[in-house]
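Below are the chains, spelled out letter by letter.
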Amino acid sequence: MPAKRAMTTPNSIEEAAATIKELSSQGATIRPAGQDSRKDWGGDDAAGTVTVHTGGLNRIVAHNPGDFTAIVQAGVPLADLQRHLGREGQWLALDPPDRGGTVGGLVATADSGPARHRYGGVRDLVIGITVVLSDGSVARSGGTVIKNVAGYDLGKLFAGSYGTLGLVTQVALRLHPLPARTATLVAGTEDPAVLTRAVLAMSRHPLEAMSLDVSWRKDAGRLLVRFGGVTAPERAAHAAKHLADNAVDTDVVLDDESIWAAQRAAQRGAAVVKVSALPTDLPAVIAAAGAATVVSRAALGVSWLSFPESDDLADRVEATREALSPHQAAVLDGARLVDAPWPEPDPGTLALMRRVKARFDPTGTFRPGTYVGGI
Amino acid sequence: MDGRELVERLRRVVGDRWLLLDEHDLRTYESDGLLQYQQVPRLAVLPGTAEEVRACVEICAQEKVPWVARGAGSGLSGGALPVKDGVLIVLSRLTRILEIDLDNGRVCVEPGVTNAAVSAAVGPDFFYPPDPSSQIVCTIGGNVAENSGGAHCFKYGFTTNYVTGLEVVLPDGELVTIGGKELDPPGYDLLGAFVGSEGTLGVATKIWLRVVPVPEATRTLVAFFDSTRQAGEAVSAIVQAGIVPGAIEMMDATTIKATEAMAHAGYPVGRGAALLVELDGAEAECDAQFAEVTTICAAQGSDDVRVSRDEAERQLFWKTRKAAFPAMGRISPNYFVQDGVVPRTTLPDVLVRIDELAAEYGLTVANVFHAGDGNLHPLVCFDAAVEGQAAQAEELAGRILDVCLEAGGSITGEHGVGVDKRKHMAKMFGEDDLAAFQRLRCAFDPDGRANPGKVMPTPRLCGEVPGVYRQHPLEAAGIAERF
């Protein structure tokens, strides 16, 4: 049993800074946390680690509909933010599984969903960031405008840093208009090679699709291409013509929300392996998946392999990672099942990452030992 | 310091021909695109391979000499200005396109490849979206350093959204790969930190880029308005309607007058503002939205909307817009190009404030800008022959940035900080912010040898890394070890 963790919930950025400064000067280790919706990821923290909870940093500081920007504190639940923005016909174009946890957790893990295809990931939508470092300093980078090249872009450095560099307290975000309507082109096949050819046929055309995913379960797969905008159904039907030579059955679904809800849900599981590859690697990824369900952002080459509960789960996960080599594969859900949830990066790159960690968190306060390469 | 050893070692790497020592040869490199700063470097090298670049940087590290990397030298903030006692590393010989993989939407290039050459290499079906107006000459290496944008970045994004991997020579001479051909490698997003770091973290020797299919349709119009306020409101109405134009560019009365004299596009001299709107994408969606844009422009007071009938006319619209900077030479002996950003909704008020400032200084300020993302390029006109006017103009250009910051904007949208805007950095960022920037700088370049004197407002030194690492409890217990 790990020791019972202490927890503190600051109610302002200043309070968070004071708390962190005090904790780090006492030699404590800190784990930033929101709603714990991605709690497994990155594995266990050291015993005695203090949780700094962002629940008190829960303000939507500004929403500027005319500029398509918002300033949001880290503890704001993504679902609450989307509801707020939706009243003006806007959204933060990130649609991770479940309800998406808090904005801070989303930034720290760089989690994403099918909209990644069109709008990019967390790194592409954070236009400014405020962080508290282990010495209690409060640092900002970026700003509140979409276009800005003044100073270094720390927003990207902190996106996906899993709370190991400091506490993200506030972000400025680029927003997008909600699509007037959506429609999804669905194409099914039992042959991974045919499926891959369909993906490549699609990504050669300027479809401007919102999402372009593949799902593979057991022995069959589907290509899912979602369109947004007033002409979405026509565009979906038109896109089907690009598949005429591809020996797949196609269909256009207008009421498509459940398709994408299922796609998002399949990014979670008893164990989930996220793999970085290329679109042309899809057959190899499907072959390596075995019994796992595959969700692929097919035109990006990023896939999630979701394993159901089983007695030999850890072995299955490791066998799949082995089969995926040399592609980088991280274990997200079920990270505790394996010895090393992170893949081993190139030694030169890892050395540089260690130098970044040493400069930003010289006291080793933030989640030591939980990140890539034991950072 | 005895420089002979440095010179001989560099000569052995690049050879006689590619080592420049003569003052006459070095003058070629004394400025980048921002001519008011000049500095002749101690010497320049033009390496021909990534390994030669690495060796040059390593020699600089060992000889404790600062260095600056330079591409085409088209930057507009003095980012590639040489340092006096330093080495200038010119990358113009690294021009190979190493791989084109259209199935996966990737191209891999050396840093001296020009921006336009990337699109040419992947055309006609694909293109590389970031399109700085210097795209014919500017290099991808320079684009990476500056995180370059362009007219189409409101819809398509910036260089940082298209770089998936870099091979980088760090200031200690080590070659590392960050990111790669594939997306989302686990670990810190060093790529995101490096792109836009203005040559202060190292030098890229190989660059993987994402390229995308050429849009199915493009529709372009120019609408004329009585005032920039009206045109600004049209921009807001278009974007509010959920339309994301490929480009949306505005010119004011002064700019219309100057460009018409050069481009002869038949623009009505005397009108208050011209708005160029380009939509691209799927044909059906493009047509539907184009009709809406035309309606919005009319509703916001434009009685003169011209739709390009063919590619030739579209090119004429763009030629007129891109003539804005050179055309200014026809109405003013000299001018400074400013680069600031404001939230788009504040544009009308900011333009009024700029007019007031121009009147206060008795100088003409022409305005052209990327209106979609609020990126202003005020052109501050002056006559260098009139004593004190250049200084006045520079002061005015600085006060325009103050206006941008007061409106919640930025001191630079695409030109970078370089040497030119260092003095404004402390207005935008506090001491703790700058200290955090310095942490990143020190992680990559603890000795401050890569492009020193750029970006940061005052020179700073890196301390030792305090403590480096505390032993992790799991490590102490022998359960885990560091690799």
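By the naming in an unreviewed UniProt entry, chain B goes by Glycolate oxidase and is assigned to Asanoa hainanensis. Among the UniProt annotations of chain B, the heading Cofactor (unreviewed entry) holds the following wording: "FAD".

You'll find chain A entered in an unreviewed UniProt entry as Glycolate oxidase FAD binding subunit, with Asanoa hainanensis given as the organism.

What follows concerns the interface of chain B and chain A. Listed per partner, the contact involves 94 residues of chain B and 88 residues of chain A. For the chain B and chain A pair, buried surface summed over both sides reaches about 7,600 Å², with 55% attributable to carbon and sulfur atoms. Linking chain B with chain A are ten salt bridges, by the criterion used here. One salt bridge in this structure joins aspartate 103 of chain B and arginine 204 of chain A, with 3.5 Å as the shortest N-O distance. At the boundary of chain B and chain A, one finds 34 residue pairs in polar contact (both at pLDDT 80 or more). Tallying contributions element by element places helix 16 (residues 431-444) of chain B first for the side of chain B that touches chain A, with ten residues. Considering only residue class, the side of chain B that touches chain A consists of 45 nonpolar, 26 polar and 23 charged.

The next subject is the pattern of salt bridges. Any two side chains of opposite charge can pair if their charged atoms end up close together. The full count for this structure, using the stated rule, is 59 salt bridges over all chains. One salt bridge in this structure joins arginine 54 of chain B and glutamate 51 of chain B, with 3.0 Å as the shortest N-O distance. Linking arginine 54 of chain B with glutamate 51 of chain B, this pair stays in helix 3 (residues 50-62), spanning three residues, or about one helical turn. On the basis of relative accessible area, arginine 54 of chain B is assigned to the buried category, the value being 16%. Look at glutamate 51 of chain B and you get partly exposed, because its relative accessible area is 45%. Residues joined in a network through salt bridges with shared partners are Asp95, Arg226, Asp256, Glu257 and Arg264 of chain A.

Moving on, we come to the packing of helix 10 (residues 282-289) of chain A against helix 11 (residues 313-324) of chain A. Residue and element names in this part refer to chain A. Packing of helix 10 against helix 11 leaves a shortest axis separation of 8 Å and a crossing angle of 155°. The orientation of helix 10 with respect to helix 11, classified from their angle, is roughly antiparallel. Judged by the sense of rotation from one axis to the other, the crossing of helix 10 with helix 11 is right-handed. Note on element contacts: helix 11 touches helix 10 through Thr320, Ala323 and Leu324, opposite Val285, Ala288 and Ala289. When grouped by side-chain class, the residues that make up the contact of helix 10 with helix 11 number five nonpolar, one polar and no charged.

Reading the values: the criteria
Residues numbered from 1 in each chain as written. Chains lettered and ligands numbered in written order. Predicted model: local features only at pLDDT ≥ 70, side-chain atom pairs only at ≥ 80, totals over all residues. Heavy atoms only, no water. UniProt positions renumbered as here; feature names shortened; annotations may be inferred. Contact = heavy atoms within 4.5 Å. Buried area = accessible area lost by both parts, 1.4 Å probe. Salt bridge = Lys/Arg side-chain N within 4 Å of Asp/Glu carboxyl O. Polar contact = N/O pair within 3.5 Å; in protein donor to acceptor, adjacent residues only side chain to side chain. Helix = DSSP H or I, 4+ residues; strand = E, 2+ residues; numbered from the N terminus. Nonpolar A, V, L, I, M, F, W, Y, C, P; charged D, E, K, R; others polar. Buried < 20%, exposed > 50% of the residue type's maximum accessible area, 1.4 Å probe, protein only. Axes fitted to C-alpha atoms, helices over the stretch in contact; angles between N-to-C directions. Parallel < 35°, antiparallel > 145°, perpendicular 65-115°, else oblique. Left-handed = near helix turned anticlockwise from the far one by under 90°.

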